[in-house]
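In case you want the letters, here they are:
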Amino acid sequence: MRFSVVVLLVAMTSMALGGDITVKRLQGDVRVRHGVTEHWSAVAVGDVLRPNDSVKTGKGGSTVLELIREDSGTARAVTLPPEVIVDVSDMRTLTQEELMLKLTMEKVRSSSYQWKNDELRMPDAAVVHGQGSGSEEELNENDRATGRLQLNGARVLYENGFYSTCILRAMEVFRHYPWMAESFSDRLMVAEALAECDLRGEALAEYGAISRMEGLGEEERMLVRERMDAMK
Amino acid sequence: MLGLILITGRPDLCAQSLITARQIGLAAYGAEVRDSRGFSLNPAGLILMRDWDFTATTYGSPTLGRDGFVFHGLTFGKRFLENEAAAFQYSPGTSMRFVVPPTINIDPPNNPTSNDREIEYAEPFSIGVAHRFDEHFSVGLGARFRRETLTETTYEIIVGDTATFPSVSVEEVRATGWNVDASVLWRPSDLFSLGLTGRNLLTLAAGDTPDELSAYRLPKSAIGEISLATRATRTLLLAASAGTDQAGAVGGEWTPGYGIAIRGGLYFNAKESPTAYATGLGVGWSYEFLELGVAYLHFFDQTNRRGSSPAGEFDPSGIRNIDLNPYTSDRVTLTVKAIFGNIRERVALIESVAMLGSVYPSAYEVFAYRPIGTARVRNISSEPIHAKAAFYVDQYMDEPTESGPVTIQPGESVEIPLTAVFNERIRKVSTLTIKEGNVTINASPADPEDDRYQTPVLIQGRNAWDGDVLTLRYFVTPDDPDVIRYSRDVLLNHRDTLIQADRSLESFQKARILFDDLAEKLMYVNDPKQSADYVQYPTETLRLRGGDCDDLSVCFVSLLSSIGISTAFVDVVPPERPEESHIYLLFDTGVDPKFGSHVSPNPKRYVLRKNRRDIETVWIPVETTVVARGFEEAWTRGAQEYFDDVEIGLGTIKGWVRIVDIN
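Residues numbered from 1 in each chain as written. Chains lettered and ligands numbered in written order. Predicted model: local features only at pLDDT ≥ 70, side-chain atom pairs only at ≥ 80, totals over all residues. Heavy atoms only, no water.

This part takes up the overall build of chain B. Each helix and strand in chain B was counted, giving nine helices and 32 strands. Within the span of chain B, comprising 663 residues, buried residues form 54% of the whole. Partitioning the contacts of chain B with sequence separation of at least 6, the portion at a separation of at least 24 is 64%. (Helix = DSSP H or I, 4+ residues; strand = E, 2+ residues; numbered from the N terminus. Buried < 20%, exposed > 50% of the residue type's maximum accessible area, 1.4 Å probe, protein only. Contact = heavy atoms within 4.5 Å.)

In structure tokens form, the structure reads like this:
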């Protein structure tokens, strides 16, 4: 019986949205970045976005995108509020298996792990030793505002039910902007998205990690405890 | 007339050709003849000898009330080539002598006379030869020299006119000849053997039989015997035999290890008893080339077996076998067997060898760890063995590469992986070559090999590639002096640019400079064979100023590796379009992800992944097929492909995109 329930859940979460995405409404500053280019360009109502595009809304800007489900052909509207960056490719639902594999690969995406599974290692190449030739100036960290926009975009995904891509996007933002991983509300969003994806163990682990964060207030701790108790 | 027959041996009272302790202990020996011991029971078994074989036997008969042991006989055996063997037996102890009670005649008018009649049967010589048709089937031929002697001693009191005096006259008549036996031995496996022996199939008499001896001749009728032996368990041998003379035996041998063998058997003869009439018990111990055995043969009914027999007229018809007959007495037998010459016994056999593919010189190092083939090896001994397989290809290996020891139980076969440490010469093979691979198996510490097998080995040309991205990295040669020189020269020419660059972005800048330099010198060209199985080494690509995507990726990866930048191949095999499979690369900028915007403000242009120090850094995808358009375009194309393949297509988790680290 338990098995059949799990199968049903997987089937429900595997309904991907892979069809066309059209700009239906625009307000204020809304831009699009195509593919791997580095500049943002204007977008107009009626534009069809490609899966590798990203959409950014500025202060006071917003847009409504229409997603056509590839499987059923039905339309669905997603509203992007001000100050978000959303990758068009994230507006889809991964299966639970795909999400699990993605999460697992994040953990094992290590060269050292791959070497352990290899019989033969190439000799280390020659390395230039001694005084480096470049300047010693410290680089500036990634622009925090951009990180905030991306995390806001992850919340849009969460609110629109794209839990799996919300999780992956938020985790990637945390890697680019480690300070954002200290945000209680954003971490809580990730834990809840994991729970929504029925990844109970991962969700509990995330709640546990949140509860160990420094600087949490009593209300926040109690909230985490309630969520954890609800899952047990 | 009732009388008493004395049964005597020489020099004692009795003897049979029970010439080996193992034979006595096991009782049913026909299918277990495997050397010169008791070969006359089944000469075909001689083929199982190792080389020279020597046996000496002595025995004592405690029930006769006489102390000490007497010499029984010697056997010599020799195996010739692989399929022939011969043996000779000298057995002075294989004889029986019957003394018929004297007949006294005192009836007048004759003088009183007494006749002592002595009949002796002996088989002092035997020979045997064997031939093996294959490893399962062999035949044997044996001949026993039989001598039958009647000695009549007449004691007479001669009453003369002046004196009376005794007179003794001795008259001896003799019949000799060869009794010929034939046998076969079938061993379908090491666990089972079947022997068939026909005894007295042919009698070759030397001259006519004297009339006086006719009444005492032993039966010459042919006897057939079937014998079986099976290894019921790894340590237990069971044997049985039955003959047309209504005699048979069952026995067993337990070999618990340490060279020890414990034997027991029962003897049957329907003419003597409905149940077993005798038992044999024995112990054996072997070490290296020496084997000792002791056995005791006991008869349950001692009638006629203590050296004398109340009988009427002596009737030899019951003696069908000098070895074992109604007059044989209890005995203790000691046997020493020694092996000379090539005393090595083959204990392992190579049944088959399978090569797992051809050898690609570019990846020759992998065969030091990854099997190049397997050898199926069978343990043909009765003990567990520790076998090692060795593989050797002349010219391309300095010496055979030996596997680790593998334990094989008796009768079992195991696949042993073969590895090969090739030398540098294999990298010079330009085209497909076929060489002979020699596989040897060694299970005996002191001996060089137990078996040998030859198998063809396909060696591909030095530029051949099996299409597996895992092996593509063996074309990467960062330590090639030409590669190192090239990358150093290029960077030296751009020294000023590098000095101005931020140190954190140094690897990124170096890669950009190297690629842009290649862009000026190289161009993308198709594989000369229009296939994906030909890859150029970096020096060849630099010399030829071009290559396909594999060649260019290998070349750029080698240059980056030569200056310490980690790289990885991205192998893409689209599931719907496998013909569009493709390889591009990633290199590690060493930049922390939190500084990623300095590489590009668009995170889709780079990949976050851990390097071999387990630190997550920014990696750049590069598509080398657009080398002529420079680094920026190659990066853009690579990033686009990676995003489409991995992020949108989920290729890595679906298995059609593989990322293989190079260093």
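Having seen the model, we can carry on.
When pLDDT is low, close inspection of the predicted coordinates is not appropriate. All names here are of chain A. Per-residue pLDDT for chain A averages 80, and the proportion of residues at 70 or more is 78%. pLDDT under 50 marks residues 1–17. Its contacts with residues more than four places away, or in other chains, come to 19 contacts. Within the model, pLDDT remains below 50 along residues 110–136, and this stretch shows 68 contacts once partners closer than five positions in the same chain are excluded. (pLDDT = per-residue confidence, 0-100.)

As a further point, take the packing of aromatic side chains. All names here are of chain B. Tallied over the entire structure, the rule returns 20 aromatic pairs over all chains. The interplanar angle of 5 degrees and the centroid separation of 6.1 Å between the aromatic rings of W285 and Y287 together place this pair among those described as stacked. Y287 gets classed as exposed once you look at its relative accessible area, which sits at 52%. What links up through ring pairs into an aromatic cluster is the set F508, F515, F556, F587, F631 and W635. Positioned above the aromatic ring of W635, the side-chain terminus of R605 is 4.2 Å from the ring centre. Across from the ring centre of W619, 4.5 Å away, lies the NZ or CZ of R609, which sits over that ring. (Phe/Tyr/Trp six-rings, centres within 6.5 Å; stacked < 30°, edge-to-face > 60°. Lys NZ or Arg CZ within 6 Å of the ring centre and 35° of its normal.)

Right, let's talk about the nonpolar core for a bit. Counting residues in each nonpolar core, the largest one holds 53 residues, and the members touching the most others are L49, L65, L80, M91, I167, Y207 and I210 of chain A. Element by element, the count of residues in this core is highest for helix α6 (residues 184–196) of chain A, at seven residues. Discounting residues that sit within four places of it in the chain, I167 of chain A has contacts with L99, L103, V190, A193, L194 and C197 of chain A. By size, the runner-up hydrophobic cluster in this structure holds 52 residues, among which are L514, C555, F569 and V599 of chain B. (Core = buried A, V, L, I, M, F, W, Y, C linked by side-chain atoms within 4.5 Å.)

All names here are of chain B. Residues at a pLDDT of 70 or more form 91% of chain B, whose mean pLDDT is 85. Every residue in residues 8–16 scores below 50 in pLDDT, and together they form 41 contacts with partners more than four places removed in sequence or on other chains. Per the prediction output, this complex has pTM 0.59; the corresponding ipTM is 0.83.

The subject of this paragraph is the pairing of strand β13 (residues 260–269) of chain B. Residue and element names in this part refer to chain B. Residues of β13 alternate between two faces, with A261, R263, G265, Y267 and N269 buried on one and I260, I262, G264, L266 and F268 left unburied on the opposite face. Sheet analysis places strand β12 (residues 247–257) next to β13, joined by nine bridges and oriented antiparallel. Paired with A247 across the strands is N269, a residue of β13. Remark: two residues form the turn of the hairpin made by β12 and β13, two consecutive strands paired antiparallel; Y258 in that turn has positive phi of roughly 60 degrees. (Pairing = 2+ DSSP bridges.)

To continue, consider the pairing of strand β8 (residues 164–189) of chain B. All names here are of chain B. Here strand β7 (residues 137–159) pairs with β8 via 23 bridges, running antiparallel. Directly across from T154, in β8, lies its bridge partner S169. Where β8 lies against strand β9 (residues 192–206), 11 bridges are found, and the strand directions are antiparallel. The residue bridging S183 from the neighbouring strand is T197, located in β9. Between β8 and β9, which pair antiparallel one after the other, the connecting turn spans two residues.

Let us look at the sheet that holds strand β29 (residues 582–591) of chain B. Residues and elements named next belong to chain B. Overall, antiparallel pairing links the five strands, which are arranged β30-β31-β29-β28-β32 in an open sheet. The open sheet has two free edges, formed respectively by β30 (607–610) and β32 (657–661), since each of these has just one partner strand. Each strand axis lies, on average, 35 degrees off the axis of its neighbour in the sheet, ignoring direction. Both strand β28 (residues 567–572) and β29 contribute to a ladder of six bridges, which runs antiparallel. The residue of β29 that forms the bridge with V572 is H582. Contacting β28, β29 and β31 (616–622), helix α7 (residues 549–562) runs over the sheet at an angle of about 20 degrees to β29. (Axes fitted to C-alpha atoms, helices over the stretch in contact; angles between N-to-C directions.)

Turning next to the sheet that holds strand β4 (residues 48–49) of chain A. Residues and elements named next belong to chain A. Spatially, the four strands line up as an open sheet ordered β4-β1-β6-β7, and their pairing is antiparallel. In this open sheet, the two strands that pair with only one neighbour each are β4 and β7 (75–80). Where strand β6 (residues 62–68) lies against β7, six bridges are found, and the strand directions are antiparallel. Residue pairing across strands places L67 opposite R76, the latter belonging to β7.

Moving on, we come to the packing of helix α7 (residues 200–211) of chain A against helix α8 (residues 218–231) of chain A. Residues and elements named next belong to chain A. Relative to each other, α7 and α8 sit at 160 degrees, their axes nearing to 10 Å. One way to sum up the angle between α7 and α8 is to call them roughly antiparallel. At the point where α7 passes α8, the crossing takes the left-handed sense. Only R221, V224, R227, M228 and M231 of α8 make contact with α7, whose side of the interface consists of R200, A203, L204, Y207, G208, I210 and S211. Residues of the contact of α7 with α8, tallied by class, amount to seven nonpolar, two polar and three charged. (Parallel < 35°, antiparallel > 145°, perpendicular 65-115°, else oblique. Left-handed = near helix turned anticlockwise from the far one by under 90°. Nonpolar A, V, L, I, M, F, W, Y, C, P; charged D, E, K, R; others polar.)

Right, let's talk about helix α5 (residues 163–176) of chain A for a bit. Residue and element names in this part refer to chain A. An ideal rise of 1.5 Å per residue puts 20 Å on 14 residues; α5 measures up with 20 Å between its terminal C-alpha atoms. Counting buried positions along α5 yields 11 of 14 residues, so the element is predominantly enclosed. Those residues of α5 lying buried are S164, T165, C166, I167, L168, R169, A170, V173, F174, R175 and H176. (Expected span 1.5 Å × (residues − 1).)

Residues and elements named next belong to chain B. A complete count under the given rule lists 46 salt bridges over all chains for this structure. Across the pair K78 and D51 runs a salt bridge whose closest N-O atoms are separated by 2.6 Å. Residue K78 is located in strand β3 (residues 70–80), and its partner D51 is located in the loop between α1 (21–26) and β2 (52–60); the two are separated by 27 residues in the primary sequence. Taken individually, K78 and D51 each receive the classification buried, so the pair is uniform in this respect. The shortest N-O distance in the salt bridge between E253 and R263 comes to 2.5 Å. A residue pair is termed long-range when its members are at least 10 positions apart, and E253 in strand β12 and R263 in strand β13 qualify at 10 residues. No difference in accessibility class separates E253 from R263, as the two residues are buried. (Salt bridge = Lys/Arg side-chain N within 4 Å of Asp/Glu carboxyl O.)

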